[in-house]
Amino acid sequence: MSSTLQIVAEGTSYAPVPSARIRLGKNALLLISWLVPAALLVLWEVLARFGSIEPHVMPAPSKVLATAYNLTVSGTLLHDLSVSLLRAAIGFAIGGGIGFALGILVGLSRLAEAVVDRTVQMVRAIPFLALLPLVIVWFGVGEAQKIFLVALGVAFPIYINTTLGIRQVDPKLIELGRVQGLGTWELIRRIILPGAMPSILTGVRFSLATAWLALVVAETIGAQAGLGFLAMDAREFLRTDIIVLAIVIYALIGVGADSLARLLERRLLKWHPNYGARP
Amino acid sequence: MSRQPSAFHKSAVVVSNLRRAYGDRIVIDRLNLRIGEGEFVALLGESGCGKTTLLRALAGLDPIQGGSVEVPGRPAVVFQEHRLLPWDTLWRNVTLGLRAADARERAAAALGEVGLGDRLDDWPRNLSGGQAQRVALARALVQEPKLLLLDEPFAALDALTRIRMHGLVKDLVARHHPGALLVTHDVDEAIRLADRILVMRKGVIADEHRPSAEKDASVLRADLLRALGVGSEREAA
Ligand SMILES: Nc1ncnc2c1ncn2[C@@H]1O[C@H](COP(=O)(O)OP(=O)(O)OP(=O)(O)O)[C@@H](O)[C@H]1O
Ligand SMILES: [Mg+2]
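Residues numbered from 1 in each chain as written. Chains lettered and ligands numbered in written order. Predicted model: local features only at pLDDT ≥ 70, side-chain atom pairs only at ≥ 80, totals over all residues. Heavy atoms only, no water.

Observations regarding the interface of chain A and chain B
Test applied: We call two residues contacting when some pair of their heavy atoms lies within 4.5 Å. Buried area is understood as the total, over both parts, of accessible area removed when two parts are fitted together, assessed with a 1.4 Å probe. Salt bridge, as applied in this entry: a Lys or Arg side-chain nitrogen positioned within 4 Å of an Asp or Glu carboxyl oxygen. N or O atoms closer than or at 3.5 Å make up a polar contact, with two conditions inside protein: a donor-capable atom paired with an acceptor-capable one, and, for residues adjacent in sequence, both atoms drawn from side chains. Working definition: helices are DSSP H or I runs of at least four residues, strands are E runs of at least two. Numbering for both runs from the N terminus. Think of it as three bins: nonpolar holds Ala, Val, Leu, Ile, Met, Phe, Trp, Tyr, Cys and Pro, charged holds Asp, Glu, Lys and Arg, and polar takes everything else, Gly as well.
Between chain A and chain B, the contact holds 21 residues from the first and 22 residues from the second. Of the roughly 2,100 Å² buried at the junction of chain A and chain B (both faces included), carbon and sulfur atoms supply 56%. Glu186(A) is the salt-bridge partner of Arg99(B), the closest N and O atoms lying 3.0 Å from each other. Along the contact surface separating chain A from chain B lie 13 residue pairs in polar contact (both at pLDDT 80 or more). In terms of residues, the side of chain A that touches chain B owes the most to one element, helix 8 (residues 171-179) of chain A, which gives six residues. Its residues assigned to classes, the side of chain A that touches chain B shows 10 nonpolar, five polar and six charged.

As structure tokens, this is what we get:
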């Protein structure tokens, strides 16, 4: 035993690291990381209360909370929120559906790729928000404009990641499918789609972010309901508390959408060492 | 240039005048081969001589450029890599392509045969190399193939695991009795498992040996090594 130790000692030695110190350091860091935003919030509250910040520039956090409560009780907030969420959902379904279908087609067929891919890539070069004026000319400022914009923002990330995912499926596994006598549909369902799923879900995550951005922009322009309308309407009366509330809700929904995507990844990719919960 | 399932014959596999080329490069030319029903044939040959190419032609994975290949039904293949689907549990992997109402029971039986009967719902990523290759064997056998094609299935395994796998394959083949073609680089593996050993050279079957009770294994071994061009010439002379 001692001789073995000596050999090790001549090379690199691995001394046990005092783990208690590390744990303490980690906890302290975690605490600090939460303390900073909390302190800023308190500072904001104090400054707003004692009049250092004009209420119409920046309302106190407590005021925003109170407003949230009032609007919830009156039902306005829920109504606007549901209008916004519905727009996002419809736009996501349409854009996601089109992006996914095209992505599958192009991923599976060289001919479809030749027909579709270059054109899509060219259109993709346009930042989709730059199309806004044109979209307003086409659809006005009604629901169609908003849903179109969301769908447009969603379609591209889904399309690109679906085609990418399908291309990255291990050809050896596809060959295995043929050896096992799978039909085309079974091959797609059992091998190609699951193989492409990590990439597709990355696309979903990206597209949720774009969908949200598209919605904010679309709603800020001429809406009769929705979170964006709530904020723009409040602007007329200098109700910054409502504006800040709308912004905070946008942020919360963004976080919610992201956790939804993560949840989807954990469920659908539980086989994948990088995503699924490890046993 | 035809490939069709053979009728019920003494020979399960009949390959005549097979020609396989990648572009202009001819790899197999006028190759003839028969494998009897339930016969275990090992195929040796130096690297790059076309063993995998022949096996893929038998599996119907590549188009052939001449001659004919007759195989019984749809052959099952075990590749050098296990090729398990990482997103499916073991029993789902084993029953891939199997059309049967009692798929799970069959998977359970097949996995039991390879000693993994208690891992039906486990994931491929939790398996060792040898275990994964055993699942691949189960996946091939659950289809009850009349022809089993094995392309260096044990090459990536350690020596001890490989010996265990030899025993397992011998058992399984004895029980299910498919015709089998085993591509290998391991002369001892061929001797231990095969009814007949073929040596491939220059695109054809160049040599044929039969392990038998009378013939001493070490003599056969020397013969095979010489046929593969690695035996000592002085010793032979
Ligand atoms: N897809 C391919 N395209 C072009 N040439 C190929 C292809 N696959 C194999 N070959 C060539 O065909 C010849 C036979 O290859 P094959 O894989 O059948 O050899 P092998 O006997 O299985 O070798 P090993 O023992 O190393 O696996 C080689 O010269 C190889 O370079
Ligand atoms: Mg090979």
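Observations regarding the UniProt feature "domain: ABC transmembrane type-1" (unreviewed entry) in chain A
Put simply, the rule reads: UniProt positions are given in the numbering used here, feature names are shortened, and annotations may be inferred rather than shown by experiment.
Within the UniProt annotation, "domain: ABC transmembrane type-1" (unreviewed entry) is assigned to residues 81-261 of chain A. As annotated, residues 81-261 of chain A has a helix share of 85% and a strand share of 0%, and its two end C-alpha atoms lie 20 Å apart.

Digging into the nonpolar core
Here is the rule we go by: Only buried Ala, Val, Leu, Ile, Met, Phe, Trp, Tyr and Cys residues count toward a nonpolar core, and they belong to the same one when joined by side-chain atoms within 4.5 Å. Relative accessible area decides the class of each residue, using a 1.4 Å probe on protein chains only: under 20% of the type maximum gives buried, over 50% gives exposed, and in between gives partly exposed. Residue ranges for the domains originate in an automatic or database domain assignment.
Counting 85 residues, the largest nonpolar core has Ile191(A), Leu18(B) and Leu58(B) as the members making the most contacts within it. It is helix 9 (residues 184-220) of chain A that contributes the most residues to this core, 15 residues altogether. If you count residues domain by domain, this core takes at least three from each of domain 1 (1-75 + 145-158 + 165-237) and domain 2 (84-144) of chain B. The residues touching Leu58(B), leaving out its near neighbours within four places in the chain, are Val13(B), Val15(B), Leu33(B), Val69(B), Val71(B), Pro75(B), Leu149(B) and Leu181(B). Judged by nonpolar contacts, the second largest core, of 48 residues, contains Ala107(B), Leu120(B), Leu137(B) and Leu193(B).

Notes on the site of ligand 1
Residue and element names in this part refer to chain B. So the rule is basically this: Residue proximity to a molecule or strand is established when one non-hydrogen atom of the residue lies within 4 Å of it. Accessible surface area values rest on a Shrake-Rupley calculation with a 1.4 Å probe, where residue burial reflects the displayed protein chains alone.
Every residue close to ligand 1 is listed here: Tyr 22, Arg 25, Val 27, Ser 47, Gly 48, Cys 49, Gly 50, Lys 51, Thr 52, Thr 53, Glu 152 and His 185. A distance of 2.8 Å is found between an oxygen atom of ligand 1 and a backbone nitrogen or oxygen belonging to Gly 48. At 2.7 Å from an oxygen atom of ligand 1 is found a side-chain nitrogen or oxygen belonging to His 185. Relative to its free-state accessible area of 640 Å², ligand 1 is covered by the protein chains to the extent of 62%. Elements that contribute at least two residues to the shell around ligand 1 include exactly strand 3 (25-36) and helix 1 (51-59). In terms of residue count, the dominant contributor to the shell around ligand 1 is helix 1 (three residues). Here the residues of the shell around ligand 1 are counted per class, giving three nonpolar, six polar and three charged.

Details of the side chain of Thr163(A)
Residues and elements named next belong to chain A. Structurally, Thr 163 is set in helix 7 (residues 143-167). In this structure the side chain of Thr 163 is engaged in a polar contact, spanning 2.8 Å, whose partner is the backbone oxygen of Ile 160. Thr 163 has contacts with Gly 103, Val 106 and Gly 107, leaving out every residue within four places of it along the chain.

Details of the packing of aromatic side chains
Stated formally: For Phe, Tyr and Trp, where Trp contributes only its six-membered ring, two rings pair if their centres lie within 6.5 Å, and the inter-plane angle classes them as stacked under 30 degrees, edge-to-face over 60, or tilted in between.
Scanning the entire structure with this criterion turns up five aromatic pairs over all chains. Ring plane angle 85° and centroid distance 6.2 Å describe the contact between Trp138(A) and Phe148(A), whose orientation is recorded as edge-to-face. In this pair, Trp138(A) sits in helix 6 (residues 132-139) while Phe148(A) sits in helix 7, placing the two residues 10 residues apart along the sequence. Residue classification places Trp138(A) among the exposed positions, given a relative accessible area of 52%. Residue Phe148(A) is classed as partly exposed on the basis of its relative accessible area, which comes to 26%. Between Trp271(A) and Trp87(B), the ring centres sit 5.4 Å apart and the planes meet at 75°, which makes this aromatic pair edge-to-face. Of this pair, Trp271(A) sits in the segment after helix 11 (240-268) while Trp87(B) sits in the loop between strand 6 (76-78) and helix 2 (90-94), which puts the two residues in different chains. For the residue pair Trp271(A) and Trp87(B), the accessibility class agrees, reading buried in each case.

Quick notes on the domain arrangement of chain B
In many reports, interface size means the accessible area that the parts give up when they come together. Residues and elements named next belong to chain B. For chain B, the domain assignment lists domain 1 (1-75 + 145-158 + 165-237) and domain 2 (84-144). Between domain 1 and domain 2, the residue contacts involve 13 residues of the former and 11 residues of the latter. Roughly 1,100 Å² of surface becomes buried between domain 1 and domain 2 when both sides are summed, with 70% attributable to carbon and sulfur atoms. The largest per-residue losses of area from domain 1 upon contact with domain 2 belong to Pro 145, Leu 172 and His 176, which jointly make up 39% of the total buried on that side. The interface formed by domain 1 and domain 2 holds one salt bridge in total. Glu 113 is the partner of Arg 175 in a salt bridge, and the nearest nitrogen-oxygen pair spans 2.3 Å. Taken together, the links from domain 1 to domain 2 amount to four residue pairs in polar contact (both at pLDDT 80 or more). Elements supplying a minimum of two residues to the side of domain 1 that touches domain 2: strand 7 (147-151) and helix 5 (159-176). The element best represented in the side of domain 1 that touches domain 2 is helix 5, accounting for six residues. Split into classes, the residues belonging to the side of domain 1 that touches domain 2 amount to nine nonpolar, one polar and three charged.

Side note on the packing of helix 3 (residues 61-74) of chain A against helix 11 of chain A
Residue and element names in this part refer to chain A. The criterion, for reference: What counts as an axis is a line fitted to C-alpha atoms, over the stretch in contact for a helix, and the angles between N-to-C directions run from 0 to 180 degrees. Angular relationships are summarised with four words: roughly parallel below 35 degrees, roughly antiparallel beyond 145, roughly perpendicular across 65 to 115, and oblique for the angles in between.
In contact at an axis separation of 9 Å, helix 3 and helix 11 are set at 80° when each is read in the N-to-C sense. In terms of axis orientation, helix 3 runs roughly perpendicular to helix 11. Across the interface between the two elements, Lys 63, Val 64, Thr 67, Ala 68 and Leu 71 of helix 3 pack against Asp 241, Ile 242, Val 244 and Leu 245 of helix 11. For the contact of helix 3 with helix 11, a count of residues per class yields six nonpolar, one polar and two charged.

Details of helix 7 of chain A
Our working rule: Helix span, expected: 1.5 Å multiplied by one less than the number of residues in the helix.
The end-to-end C-alpha separation of helix 7 of chain A is 36 Å, in line with the 36 Å expected for 25 residues at 1.5 Å each. Summarising burial for helix 7 of chain A: 19 of the 25 residues are buried, a large majority.

Some thoughts on the layout of surface pockets
The test is simple: Buriedness for pockets is judged along seven lines, at least five of which must meet protein on both sides within 12 Å for an open set on the 1 Å grid over protein atoms alone, while cavities are sets there where a 1.4 Å probe fits but cannot get out, and lining residues have an atom within 4 Å of a point. Grid points are joined across faces, edges and corners, and a volume is the space filled by probe spheres set on the points.
Considering only enclosed or pocket space, the largest pocket measures out at about 230 Å³ in volume. In terms of lining, the largest pocket is formed by 13 residues, of which the most central are Pro194(A), Leu268(A), Trp271(A), Trp87(B) and Asp88(B). If you list the elements that add at least two residues to the lining of the largest pocket, you get helix 9 and helix 11 of chain A. Element by element, the count of residues in the lining of the largest pocket is highest for helix 9 of chain A, at five residues. Taken together, the residues of the lining of the largest pocket break down into seven nonpolar, no polar and six charged.

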